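Tertiary structure, described
Chain residues, written in single-letter form:
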Amino acid sequence: MERELALEMVRVTELAALASSKWMGRGSKTEADGAATAAMRSMFNSVSIQGTVVIGEGEMDEAPMLYIGERVGNRQGPEVDVAVDPLEGTDLAAKGLPGALAVMAVAPKGHFLHAPDMYMEKLAVGPQLKGKVSLADPLDVTIQKASRILKRAVSDLTVSILERDRHAEKIAILRAMGVRVKLLPGGDVAGAMAPAFAESGIDMYVGSGGAPEGVIAAAALKCLEGDFQGRLMPADAAEFDRCLSMGIADPRKILTMDDLVGKGDVLFAATGITPGEFLKGVRFLPGCRAETESVVMRAKTGTVRTILANHYLPGKPFLQALGGYWADEQEAASGL
């Protein structure tokens, strides 16, 4: 894959973030997600790839765009798998809470797992614990191993997990051990990425979340030298059979990074929508401008770039086509 693709990916996530930001804090998660999806799909038309959506907004009959199997790009570049989540953390954006992102990842064709839309049990860690803990172990054993490897008391460890009823048992185990527990209202991908950023103060991410988000998180962690393991959680026979139909021979196998994102190169990009721990959210500025902060990473080189961009909103044809909110801002700035 060409390294120039990294900047094109950022342009895609930036537009998705800008489009969804007009719904930030307005309690309308469907509208926010729809705006991000439409913007991301529009920007793909200018990206030099022959891409196929492997992780997207759902099946063809469930999503009008960015559906699984849809071809994206201008058909002039490399053949690649594309994984997208135009608005990761829809509830976060709708409620104005921290951590909503526009994310995408790209890998050579055939490298991304075609993850079914179901829960996946997850374990995400940073570089220090890479290859040294396993999803096969009970949670208390994993915590004890991490304590020994990191040479820190169990009470000094911090584990993040989505605040969901299904995690009550795991949260109880962690607290009984004296672990610091950070409960997340949402943001499955950002939560899994956090252990790879030393400044986050998070040592491990556990619990279950969406399987498609697991593939995207694995792509990010590969670029960050972290580790991710997942195990699909089919709820019934129909979901088990769906895994088999998608080419997953053993639906209950522990999936490694190689299983999820392949052994080759991976590119990952994310733009903050609401302020988070490692990316700022969209900030509206005077003069019909907005500021975004993005990260773009490449597994092959290990390069992590943070990009701060200042956008002139009337210069974005897609945003102007949305009308309403954007048009009102432009009129206000011109004194009309």
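Structure's up top.
A separate point is the pattern of salt bridges. In a structure, side chains of opposite charge can pair up when their charged atoms sit close to one another. Considering all chains together, one arrives at 13 salt bridges under this definition. Note that Arg41 is salt-bridged to Glu70, the shortest N-O span being 2.6 Å. With Arg41 in helix α2 (residues 29-44) and Glu70 in the loop between β1 (50-55) and β2 (71-72), this residue pair connects regions lying 29 residues apart in the sequence. Judged by relative accessible area, which is 18%, Arg41 ranks as buried. Accessibility expressed as a relative area gives 8% for Glu70, which makes it buried. Between Arg231 and Glu121 there is a salt bridge whose closest N-O contact spans 3.2 Å. Remark: Glu121 occurs in strand β5 (residues 119-125) and Arg231 occurs in strand β9 (residues 227-232); sequence separation between them is 110 residues.

Between helix α1 (residues 5-21) and α2, the least distance of the axes is 7 Å, while the angle of their chain directions is 150°. Of the possible angle classes, the one that applies to α1 and α2 is roughly antiparallel. Relative to α2, α1 is oriented so that their crossing is right-handed. Contacts between α1 and α2 pair Arg11, Val12, Thr13, Leu15, Ala16, Ala19 and Ser20 from the former with Ala32, Ala35, Ala36, Ala39, Met40, Met43 and Phe44 from the latter. When grouped by side-chain class, the residues that make up the contact of α1 with α2 number eleven nonpolar, two polar and one charged.

This part covers the pairing of strand β6 (residues 158-162). Across the five residues that make up β6, a large majority, five, are buried. Here β6 shows a buried face lined by Thr158, Ser160 and Leu162 and a second buried face lined by Val159 and Ile161. Note that β6 and strand β7 (residues 180-184) share five bridges and pair parallel. What sits directly across from Val159, in β7, is Val181. Judged from the two bridges that link them, β6 and strand β8 (residues 204-210) form a sheet pairing that is parallel.

A few words on the environment of Val125. You can see Val125 is positioned in strand β5. In this structure, the C-alpha to C-alpha distance between Val125 and Val181, residues 56 residues apart in sequence, is 15 Å. Beyond its immediate stretch of four places on either side in the chain, Val125 contacts Lys130, Val133, Pro195, Asp203, Met204, Leu221, Gly226 and Asp227.

Two strands in a sheet stick together by hydrogen bonds in their backbones, pointing the same way (parallel) or opposite ways (antiparallel). Pairing is mixed across the open sheet formed by five strands, whose spatial order is β7-β6-β8-β5-β9. Strands with a single pairing partner mark the edges of an open sheet, and in this sheet they are β7 and β9. On average, adjacent strands in this sheet sit at an angle of 20° to one another, irrespective of strand direction. The pairing of β5 with β8 spans seven bridges and is antiparallel. What sits directly across from Lys122, in β8, is Gly207. Its contacts with the sheet place helix α5 (residues 168-177) against β5, β6, β7 and β8, and it is angled at close to 150° to β7. Relative to the sheet, helix α7 (residues 211-223) contacts β5, β8 and β9, its axis offset from that of β5 by approximately 20°.

Take the pairing of β5 next. With six of its seven residues buried, β5 lies for the most part within the structure. Two strands pair when backbone bridges link them, and β5 and β9 are joined in this way by six bridges, in the antiparallel orientation. From the neighbouring strand, Lys122 faces β9, where its bridge partner is Gly230.

For the rest of this paragraph, the subject is the layout of surface pockets. A volume near 780 Å³ is recorded for the largest pocket. Around the largest pocket, the lining comprises 34 residues; the ones closest to its centre are Asp85, Leu87, Thr90, Asp117 and Glu213. The set of elements that each furnish at least two residues to the lining of the largest pocket consists of α2, β3 (79-88), α3 (90-95), β8 and α7. For the lining of the largest pocket, the leading source of residues is β3, giving four residues. Classifying every residue of the lining of the largest pocket gives twelve nonpolar, eight polar and 14 charged. Each pocket or cavity is described by its volume, and for the second largest pocket that value is around 310 Å³. The wall of the second largest pocket is formed by 19 residues, among which Gly99, Lys182, Leu184, Ala190 and Glu277 lie closest to the centre. Residue assignment for the lining of the second largest pocket shows that the elements contributing at least two residues are β7 and α6 (188-193). A total of three residues in the lining of the second largest pocket trace back to one element, the largest contributor, which is β7. Taken together, the residues that form the lining of the second largest pocket break down as eleven nonpolar, six polar and two charged.

Cut-offs and rules
- Residues numbered from 1 in each chain as written.
- Predicted model: local features only at pLDDT ≥ 70, side-chain atom pairs only at ≥ 80, totals over all residues.
- Heavy atoms only, no water.
- Salt bridge = Lys/Arg side-chain N within 4 Å of Asp/Glu carboxyl O.
- Helix = DSSP H or I, 4+ residues; strand = E, 2+ residues; numbered from the N terminus.
- Buried < 20%, exposed > 50% of the residue type's maximum accessible area, 1.4 Å probe, protein only.
- Axes fitted to C-alpha atoms, helices over the stretch in contact; angles between N-to-C directions.
- Parallel < 35°, antiparallel > 145°, perpendicular 65-115°, else oblique.
- Left-handed = near helix turned anticlockwise from the far one by under 90°.
- Contact = heavy atoms within 4.5 Å.
- Nonpolar A, V, L, I, M, F, W, Y, C, P; charged D, E, K, R; others polar.
- Pairing = 2+ DSSP bridges.
- 1 Å grid on protein atoms, 1.4 Å probe; cavity = no way out; pocket = protein on both sides within 12 Å on 5 of 7 lines; lining within 4 Å.
- Points joined across faces, edges and corners; volume = space filled by probe spheres on them.

Structural measurements only, silent on function.
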